[in-house]
Amino acid sequence: MSLLPFPRWLRNAFQCAALLLGLVAVLAAAEPGPASSGLAARVVHAREEKKNDARLSALGEIARSLSLAEIPEALRLAHGLTSLRERMALGDMALRRWGELAPAAAFAHVAAMPESYSKIEAIRSVAVSFAKADGPAAAAAALHMNPGRSRLEAIQLVGEIWASVDLPAALQWARTLPEGAGKEEVWRRIHFVWVHADPVAAAPSIREFPAGEYRNALLMNVAANWAAIDPDAALRWTQALPAGEEQDTMQVMAVESWANADPLAACQFAQKLPPNLRPRAVLAALDRWATQDPHEALQWVSRQGDRFLSERGVAQIVSTCASVCPGDAAHWVEQLPLGPVRDNAIGAYVDTVQAWDPATATRLAALTADAVARQQRVGLCFQQWRALDPEGAERWLTGADFPEETKRDWRAERTASAP
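All values reported here derive from a predicted model rather than from experimental measurement.

## Focus: the overall build of the protein
In step 1: Secondary structure summary: the protein contains 25 helices and 0 strands in total.
In step 2: Taking all 419 residues of the protein together, 48% fall into the buried category.
In step 3: Contacts in the protein between residues at least 24 apart in sequence constitute 55% of all its contacts with a sequence separation of at least 6.
In step 4: Put simply, the protein shows about 21000 Å² of open surface, and 56% of that area lies on carbon and sulfur atoms.

Written out as structure tokens, the structure reads:
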């Protein structure tokens, strides 16, 4: 990747800054005052920690509380440590702290470091601080770095963060970048900021992206964010997309986003979509509805008279609720009439709950009407229950309505698998 012209005055400014910082570091090392001697003592004290994790944590805490004047001394002390882990704990965190206090100077220092993992990690934190403070200067400094991984990281991060502060300026800068992988990634990252900030304006630009993962992700963000502010316009936009999977996916995303604000309207709209798309869209809206008012969502889907929708919809609502309000979800399942809808709901509840409450999952699984599914579900949940509470599980099994042969098989399964 070729470099853009770098103004002589700005290059001279960075050189002067580096010289001044180097002078500060030399003076701090040669003539330690009260602050630096105190810092050295704190580092010595931290290194006296016997436990490795506590020692590294203590060094990191020192770095996080450094003043600007202490940073050169902290870097000198870190450089003198023989333990690489201690050096990273103090030195890398000191660079991050420098980026918080004086991002331009910290960036100039890190940019001059030799390529290494530490440099890349430092660039990632310092570039963010620099771009937030002064996007144009950060962009110019990143482009002036020597070619390498850290330069790419800096350019991409600066573009993304700058876009969150001044989107038009970052977009204009990205258009002027030389061609190459760096420009493509910057363009993508800025677009992800753009589709959240202004999905309506960003939508036409996304057509420039070739078909693939990034284009799909950007379009999905446009659909979701646009529908949150104007569902009618967002759905008209999705309908104007080329027919096919891309259009279908964006319509589902728009319906799902709409359901966050008005789930009933979103579900009613989804029911009018073509048959191949209707189930996906309705289930997506129901999932959002279930996080807001699961009982109301359950009542609505139960009234639709569509067997497929009832089976899948009720199961999805139960699955969504069981991890948050398992007692309510179990009660709703028990109130359902016997049949496939109830059995599917029991299966959804069991799948969600069995890992952390196998006792409740076992008892509900035993209500499954289908004999084969009932035995499979109960057998799986029972083994998990007995692993946590052998006595309680055994008491339940003794009185459970299963053939004695089945009970013996479940007991034997545990015995055979025991160490």
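Let's pick the thread back up.
## Description of the nonpolar core
In step 1: In this structure, Leu90, Phe107, Trp237, Leu286 and Trp396 are the most contacted members of the largest nonpolar core, which totals 131 residues.
In step 2: In terms of residue count, helix H17 (residues 278–290) provides more of this core than any other element does, 8 residues in total.

## Brief notes about the packing of aromatic side chains
In step 1: What the rule picks out here adds up to 11 aromatic pairs.
In step 2: Between Trp396 and Phe402, the aromatic rings sit 6.5 Å apart at their centres with planes inclined by 55°, giving tilted as the arrangement.
In step 3: Judged by relative accessible area, Phe402 falls into the buried class, the value being 8%.
In step 4: Pairing Phe402 with Trp410 gives two aromatic rings, centres 5.0 Å apart and planes at 65°, and the pair type is edge-to-face.
In step 5: With a relative accessible area of 6%, Trp410 lands in the buried category.
In step 6: Among the aromatic residues, those joined into a cluster by ring pairs are Phe382, Trp385, Trp396, Phe402 and Trp410.
In step 7: Here the guanidinium or amino end of Arg188 rests over the ring plane of Tyr214, the centre of that ring lying 4.0 Å away.

## Some thoughts on helix H21 (residues 340–353)
In step 1: Between its first and last C-alpha, H21 extends 20 Å over 14 residues, near the 20 Å set by a 1.5 Å rise per residue.
In step 2: Within H21, 10 of the 14 residues are buried, which leaves it mostly tucked inside the rest of the structure.
In step 3: Taken residue by residue, H21 has Arg342, Asp343, Ala345, Ile346, Gly347, Ala348, Tyr349, Val350, Thr352 and Val353 as its buried positions.
In step 4: Those residues of H21 that are buried lie in contact with helix H19 (307–322), helix H20 (326–335), helix H22 (358–365) and helix H23 (371–388).

## Some remarks on the environment of His79
In step 1: Examined against the element boundaries, His79 turns out to sit in helix H4 (residues 71–79).
In step 2: Here His79 falls in the exposed class, since its relative accessible area comes to 61%.
In step 3: Counting along the chain gives 11 residues from His79 to Leu90, while the straight-line C-alpha distance between them is 9.2 Å.

## Overview of the packing of H22 against H23
In step 1: Two elements in contact, H22 and H23, have axes whose closest approach is 8 Å; the angle formed by their N-to-C orientations is 160°. By the angle between their axes, H22 is roughly antiparallel relative to H23. For the crossing formed where H22 meets H23, the hand is left-handed. When H22 is examined against H23, the residues Pro358, Ala359, Ala361, Thr362, Arg363 and Ala365 are found in contact with a partner set consisting of Arg374, Arg377, Val378, Cys381, Phe382, Gln384, Trp385 and Leu388.

## What to know about the environment of Trp289
In step 1: Take Trp289: it is sitting in helix H17.
In step 2: Taking the C-alpha atoms as reference points, Trp289 and Cys267, 22 residues apart in sequence, are found 9.1 Å from one another.
In step 3: Contacts of Trp289, omitting those with residues within four sequence positions, involve Pro263, Leu264, Cys267, Pro294, Glu296, Ala297 and Trp300.

## Focus: the confidence of the model for the protein
In step 1: Overall, the predicted model of the protein reaches an average pLDDT of 88, with 89% of residues at or above 70.
In step 2: Least confident of the elements in the protein is helix H1 (residues 8–30), whose mean pLDDT is 40; most confident is helix H6 (residues 103–111), at 97.
In step 3: In this model residues 415–419 is a low-confidence stretch, pLDDT under 50, and it forms 0 contacts with partners more than four residues away in sequence or in other chains.

## Points about the side chain of Glu311
In step 1: Inspection of the secondary structure assignment puts Glu311 in helix H19.
In step 2: Side-chain polar atoms of Glu311 contact the side chain of Asn344, separated by 3.3 Å.

## A word on helix H18 (residues 294–302)
In step 1: Looking at H18, one finds that the buried residues are Pro294, Ala297, Leu298, Trp300 and Val301. Looking straight down H18, one finds its buried side chains confined to an arc of 165°; they lie on one side.
In step 2: On its buried face, H18 is in contact with helix H16 (263–270), H17, H19 and H20.

Definitions and cut-offs
- Here the residue numbers are simple positions, counted from 1 along each chain's written sequence.
- Only residues with pLDDT of 70 or above have their local features reported here, since the model is predicted, and side-chain atom pairs are shown and tallied only from 80 upward, although totals for entire chains, interfaces and linings are computed over all residues.
- To obtain the side-chain values, all non-hydrogen atoms of the structure were included, while hydrogens and water were left out.
- Strands here are runs of E lasting at least two residues and helices are runs of H or I lasting at least four, both read from the DSSP assignment and numbered beginning at the N terminus.
- When a residue's accessible area, from a 1.4 Å probe over protein chains only, is under 20% of the maximum for its type it is buried; when over 50% it is exposed; and in between it is partly exposed.
- Contacts between residues were defined by any pair of non-hydrogen atoms, one from each residue, lying within 4.5 Å.
- Using a 1.4 Å probe, the Shrake-Rupley method yields the accessible areas, and only the shown protein chains count as cover for residues.
- Throughout this description, the term nonpolar core refers to a set of buried Ala, Val, Leu, Ile, Met, Phe, Trp, Tyr and Cys residues connected via side-chain atoms within 4.5 Å.
- Only Phe, Tyr and Trp rings are paired, with Trp represented by its six-membered ring, and only when their centres lie within 6.5 Å; those with planes under 30 degrees apart are stacked, over 60 edge-to-face, the remainder tilted.
- Definition used: whenever NZ (Lys) or CZ (Arg) falls within 6 Å of the ring centre and also within 35 degrees of the ring normal, the charge is taken to sit over that ring.
- Each helix should span, by expectation, one fewer than its residue count multiplied by 1.5 Å.
- To obtain each axis, a line is fitted to C-alpha atoms, and for helices this fit is confined to the stretch in contact; angles are then taken between N-to-C directions over 0 to 180 degrees.
- Any angle from 65 to 115 degrees is called roughly perpendicular, while one under 35 is roughly parallel, one over 145 is roughly antiparallel, and all others are oblique.
- Working rule for handedness: look at the near helix, and if it is turned counterclockwise from the far one by less than a right angle, call the crossing left-handed; if clockwise, right-handed.
- Each residue carries a pLDDT score, the predictor's own confidence in it, on a scale running from 0 to 100.
- What qualifies as a polar contact is a pair of N or O atoms within 3.5 Å, subject to a donor-acceptor requirement within protein and to the restriction that residues adjacent in sequence count only when both atoms come from side chains.
- Comment: arc refers to directions from the helix axis out to C-beta atoms.

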